[in-house]
Amino acid sequence: MADLYSNVSVNSSFDLDLRNGSRKKMSFPSTINEVTKWLAVGILVGILVFNSTILILLIRKKQNSRMAFFVQNLAIADFCVGLIYLLPEVIIFRFHIGWTKYACYVLYGVKMFPIYVSTFAIVTLTLDRLYVILRPLSSSARGAKYRVSLIMTTWILAMLLSIPYMVCVRFNNGKCGHDFDKKVMLMFDISLILILPVLIIGACYTCIIVTICRRERNELLNDNTRRTTNYTRKTDGQKKSTRRPLIAQAKIRTIKLLLIIVTAYIVCWTPVCVGTSLMMWKLIKFGATFQLLYVLAPLNSLVNPLVFLLFHRKIFKRKEFGTYRFNPSGTLKTSIFTNGPGKQASSSC
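This structure is a prediction, so every number in the text was calculated from the model and none was measured.

S.K.: Lay out the overall build of the protein in plain terms, naming residues and giving numbers.
M.R.: Each helix and strand counted, the protein has 14 helices and 6 strands in total. Out of the 349 residues belonging to the protein, those deemed buried represent 49%. Partitioning the contacts of the protein with sequence separation of at least 6, the portion at a separation of at least 24 is 74%.

Take a look at the structure:
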């Protein structure tokens, strides 16, 4: 897919490299080029800045929770999307700086690697949430070795799947490309970064919703099983209690956060994947709409850190390393940034 995207670059004239080797040159107004150029620059800067912010905050506050570890991995993956995938494209295609031989073999060969890693990181987060919901006690007992092995598997798998792009890079007369069948690689990429992840994530969320609904129903039938009590106000001299299942307090917020990330990923990548497929089979022509969708495709790597920062604004207000703790009333406040006395509770999140 990287080869196809680069062949429909954003120069004043576009070359669409088709399977039979023919090329169709199409011109677009310079205004569109300028808009998409600076939009790409803005997205690039946002990805690098906000993902760096997430990493700095997690490192400075020494977060050791389970969720913080996976968030850190996703932030690193998204940072690589900006550095490896988007930065060379902005420099070469937006500002019309040609390929050099070494840049072609090094950067163009690994261009899809960060996209795979970012996608797999989201899938890993979803699988981990499912594991936590289905097996809360077993997941709490899992240590750092489990997390590291899961993340390492993600990165190694992404590297292995990037090998076809690495070995098929060709540099000729200042142009960089691949010599494999582009239609086959297109379907391969769409399957890896859209179809399979959506199916896996959809299945995970179905299981999560079914499990939560079943446990909520059991909580209504058994008032003494896994409940925490939060006294909210007093009415007529009597305390009015509001009871919530532990799963609703400790897990639902994180699940909602992850759902927003997954939705942003699907919204950003589905249009450009569909458009590239239609264009490859000559069902549509390259135009301003596709050009804009192509620029916005990596936007999810900018949305991810923003979602985490918005969901956890209090991290900017606390000076202590422990952000959320047990309060005297007995209500458990959980966060991906939990540390200190609340660490045991956060480990299951």
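Picking up after the structure, the text goes on.
S.K.: Which residues make up the state of the cysteines, and what values go with them?
M.R.: By the definition in use, this model includes 1 disulfide. A sulfur-sulfur distance of 1.8 Å marks the disulfide that ties C104 to C176. With the S-S dihedral at roughly 85°, the linkage between C104 and C176 falls on the right-handed side. One end of the pair, C104, is in helix α4 (residues 101-108); the other, C176, is in strand β4 (residues 175-178), with 72 residues separating them in the sequence. On the basis of relative accessibility, which here comes to 0%, the residue C104 falls in the buried class.

S.K.: I'd love a proper account of the side chain of T126, names of residues and values included.
M.R.: Structurally, T126 is set in helix α5 (residues 113-134). Polar side-chain contacts of T126 include one of 2.9 Å to the backbone oxygen of I122. Leaving out residues up to four positions away in the same chain, T126 has contacts with I201, C204, Y205, L258 and V262.

Scoring rules and cut-offs
Residues numbered from 1 in each chain as written. Predicted model: local features only at pLDDT ≥ 70, side-chain atom pairs only at ≥ 80, totals over all residues. Heavy atoms only, no water. Helix = DSSP H or I, 4+ residues; strand = E, 2+ residues; numbered from the N terminus. Buried < 20%, exposed > 50% of the residue type's maximum accessible area, 1.4 Å probe, protein only. Contact = heavy atoms within 4.5 Å. Disulfide = S-S within 2.5 Å. Polar contact = N/O pair within 3.5 Å; in protein donor to acceptor, adjacent residues only side chain to side chain.

Everything listed is a geometric property; what it means functionally is a separate question.
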